[in-house]
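# Descriptive analysis of the structure
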Amino acid sequence: MNALPTFFIGLSIIVAIALVVTAATAGVWTVQYFARNRKVRIAEHQPLVGYYRHQLAFTH
């Protein structure tokens with residue numbers, strides 16, 4: 001009967017590690033995405049939301 005709680009604890013640890021890796025990857029990608037066009041956005045004096053909303057409107 002001790003195998004079942006051990007299984008769930010182990011599974012919870014694996015899922016937690018996977019979530020940390022996913023969050024870290026998403027964070028890095030997000031920073032890279034916004035940093036890529038920062039110089040252009042600052043030079044044009046555009047707000048963050050307005051600049052990327054305009055970008056999305058013309059990419060589809």
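Basis of the calculations
Residues numbered from 1 in each chain as written. Predicted model: local features only at pLDDT ≥ 70, side-chain atom pairs only at ≥ 80, totals over all residues. Heavy atoms only, no water. Helix = DSSP H or I, 4+ residues; strand = E, 2+ residues; numbered from the N terminus. Buried < 20%, exposed > 50% of the residue type's maximum accessible area, 1.4 Å probe, protein only.

### Re the environment of R38
- With respect to the element layout, R38 can be found in helix α2 (residues 38-43).
- For R38, a relative accessible area of 46% corresponds to the partly exposed category.
- Sequence separation of R38 and L48 is 10 residues, and the distance between their C-alpha atoms is 8.8 Å.

### Focus: unusual backbone geometry
- Of note, H45 is a non-glycine position whose phi angle comes to about 55°, a positive value.
- Inspection of the secondary structure assignment puts H45 in the loop between α2 and α3 (48-59).
- Overall, H45 belongs to the exposed group, its relative accessible area being 72%.

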